[in-house]
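Residues per chain are reported as follows:
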Amino acid sequence: MTRSSDDNSRPELLRGRPSFLDASRQMYVHVTQVLVLFCAAVTAFAEPAHPPLSPTNIFAPVSTPAQSIFDLSRFVLMVTAAIFIVVFSLLAYAVVKFRKSTADDGREPAQVYGSTQLELAWTVIPVLIVVVLFLATARVIAGIQNAAQPSNAVEVTVIGHQFWWEYRYPSLKVVTANELHIPVSDLAHPTPTFLTLLSSDTDHSFWVPRLGGKTDLIPNHPNSMWMDPRDTGLYLGQCAQYCGTQHAKMLLRVYVDSREDFDRWIQEQSRPAQVGNIISEGQKIFERTACINCHAVAGTVADGRFGPDLTHLMSRDTIASGAAPNTPENLRRWIQDPSSPW
Ligand code: HEC
Ligand SMILES: [Cu+2]
């Protein structure tokens, strides 16, 4: 503990005790440390490292809606950080400066009532801050919602089910489940994907943080959202609205393909199922049991719509809405006991 140079000039009781100057110097060091840590944290997410820390990192946007939400969150964090710094500094100052000291004479400090200036200040300034945050948020929401759909946009209807995702490409005549494929969109020639969000049972929520904001799928209330991913790759998410017991296993997988890969994928998905000798035995069992009441396989009698379309099941990496890798072993266990296979 350094003593202040003017120690001898202080009242006897205070000599040898840390002075306010010492305390404020220390406080200054602490505040500086906190600020340095804070700035390090800010730069850490301002310049997202590649690859991002997490596949669902909200600070590593790759699509316009996600980017504008990220910019907004950065602005809100700056404003709230500034408020935090001001309030914390005033608080720290008051705590240190007016802490109990033995020199206190025990009298009440001066009581201040009805300062119109102060009351106006602490009413008007927060109201202005809230108005600014509100306007900034409304601007981002309107910007995303009012974006015009270009004629070359890919349209997908997303239907939430307990506990899986159905994806329909109405103009491309493709129906699939759980693994959404969309084309990459380059900034010069955007090919965004517009989603219509529906639900067949209860509330679900479509949220792939790196591609866009969270949008709910509500029965009898079609919602919509769009995304224009700049980079190809696999983007993960999760149903973000509790929709029942297995909600936690209702994962989201969006594959952003190059245009050629996407076109090839669409072409393959539009073909009916292959029928041949090797699979005819399984096909017979499938068609003779209850499976066909719930599952469709294009080109066969199976046309159930309650469960996922299984026509191109083996083109998918996972089963059960991303809960397990699509391996023969996992398929066997799933069919034997879909309630608790893993
Ligand atoms: C009562 C309706 C129903 C019946 C009958 C049914 N399924 Fe399913 N099946 C579902 C539902 C719903 C899912 C999606 C569950 C989930 O992912 O949470 C599913 C999922 C699957 C999946 C995983 C698909 C994917 O893409 O994740 C396979 C494979 C499957 N079922 C095969 C079968 C077979 C084989 C039979 C017949 C022995 C059968 N199912 C009978 C409703 C049914
Ligand atoms: Cu859900």
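For every chain, the first residue of the written sequence is number 1, and numbering continues from 1 onward in sequence order. Chains and ligands are labelled by the order in which they are written, letters from A for the one and numbers from 1 for the other. Given that this is a predicted model, residues contribute local features only at a pLDDT of at least 70 and side-chain atom pairs are listed and counted only at 80 or more, while totals for whole chains, interfaces and linings are drawn from all residues.

Digging into the overall build of the chain
Numbered from the N terminus, helices here are DSSP runs of H or I no shorter than four residues, and strands are runs of E no shorter than two. Secondary structure assignment for the chain yields seven helices and twelve strands. Three classes are used. A residue is buried when 20 or more other C-beta atoms lie within 10 Å of its own, exposed when 12 or fewer do, and partly exposed in between, with C-beta atoms placed from the backbone. In the chain, which comprises 342 residues, the proportion classed as buried is 21%. C-beta atoms are first placed from the backbone for all residues, and any pair lying within 7 Å is then listed as a contact. Taking contacts inside the chain between residues at least 6 apart in sequence as the whole, the part at least 24 apart equals 63%.

With respect to the packing of helix α2 (residues 64–97) against helix α3 (residues 116–145)
Only C-alpha atoms enter the line fits that serve as axes; for helices the fit covers just the stretch in contact. Angles between N-to-C directions range over 0 to 180 degrees. Contact pair α2 / α3: the axes reach a minimum separation of 10 Å and the direction vectors enclose 175°. Taken together, the axes of α2 and α3 are roughly antiparallel relative to one another. Two secondary-structure elements touch here, α2 through P65, S68, I69, L72, F75, V76 and V79 and α3 through I129, L133, A136, T137, V140, G143 and I144. Roughly parallel means an angle under 35 degrees; roughly antiparallel, over 145; roughly perpendicular, 65 to 115; everything else is oblique.

So, the site of ligand 1
As a matter of local geometry, ligand 1 sits amid 24 residues, with W164, C291, C294, G307 and I319 nearest to it. Secondary structure elements with two or more residues in the shell around ligand 1: α6 (291–294) and α7 (328–336). Throughout this entry, Asp, Glu, Lys and Arg are counted as charged residues, while Ala, Val, Leu, Ile, Met, Phe, Trp, Tyr, Cys and Pro are counted as nonpolar. The remaining residues, Gly among them, count as polar. Here the shell around ligand 1 is built from residues that sort into 16 nonpolar, seven polar and one charged. Throughout this description, a residue near a molecule or strand is one whose C-beta atom, derived from the backbone, lies within 6 Å of it.

Some remarks on the sheet that holds strand β9 (residues 233–238)
Strands sit in the order β4-β10-β9 across an open sheet of three strands; the sheet is mixed. One side of each edge strand has no neighbouring strand; the edge strands of this open sheet are β4 (179–183) and β9. Averaged over neighbouring strand pairs, the angle between their axes works out to 25° when direction is ignored. Here helix α4 (residues 259–270) sits on the sheet and contacts β4 and β10 (251–257); the angle it forms with β4, its principal contact strand, is near 130°. In this analysis, strands are considered paired if DSSP registers two or more bridges between them.

Comments concerning the pairing of β4
Burial runs high along β4: five of the five residues are buried. Of the two faces of β4, the one holding E179, H181 and P183 and the one holding L180 and I182 are both buried throughout. Looking at chain direction, β4 and β10 are connected through five bridges and run parallel. Across the sheet, the residue bridging to I182 is V256, located in β10.

A few points about unusual backbone geometry
Leaving glycine aside, a negative phi is the common case for residues, and trans is the common case for peptide bonds. With an omega of 5°, the peptide bond between Q162 and F163 qualifies as cis. For S321, which is not glycine, the phi torsion reads 55° and is therefore positive. Looking at where S321 falls in the secondary structure, it is placed in the loop between β11 (318–319) and β12 (324–325). S321 gets classed as buried once you count the C-beta atoms within 10 Å, which come to 22.

Things to note about the confidence of the model for the chain
Across the chain, pLDDT averages 87, with 85% of residues at or above 70. Ignoring residues within four places in sequence, the model shows residues 16–21, a span with pLDDT below 50, making seven contacts including any to other chains. Each residue carries a pLDDT value, the predictor's own confidence for that position, ranging from 0 to 100.

Focus: the nonpolar core
Note on terminology: a nonpolar core is any set of buried Ala, Val, Leu, Ile, Met, Phe, Trp, Tyr and Cys residues joined through C-beta atoms within 7 Å. Formed by 34 residues in total, the largest nonpolar core has its most connected members in V158, L211 and V254. Contributions of two or more residues to this core are made by α2, β1 (154–161), β2 (164–169), β3 (174–177), β4, β5 (193–199), β8 (223–227) and β10. With four residues, β2 is the largest single contributor of residues to this core. Here this core spans two domains, and each of domain 1 (19–99 + 119–145) and domain 2 (154–269) adds at least three residues to it. Here V254 is in contact with L180, I182, V208, L211 and Y235, once residues within four sequence places are set aside. Delimitation of the domains relies on an automatic or database domain assignment.

Describing the sheet that holds β2
One open sheet holds the five strands; their spatial order is β3-β2-β1-β5-β8, and the pairing between them is mixed. On the outer flanks of this sheet lie β3 and β8, each paired with one strand and no other. Going across the sheet, the axis of each strand differs from the next one's by a mean of 25°, ignoring polarity. Summarising the sheet, β1 and β2 pair through five bridges and their orientation is antiparallel. Across the sheet, the residue bridging to H161 is W164, located in β2.

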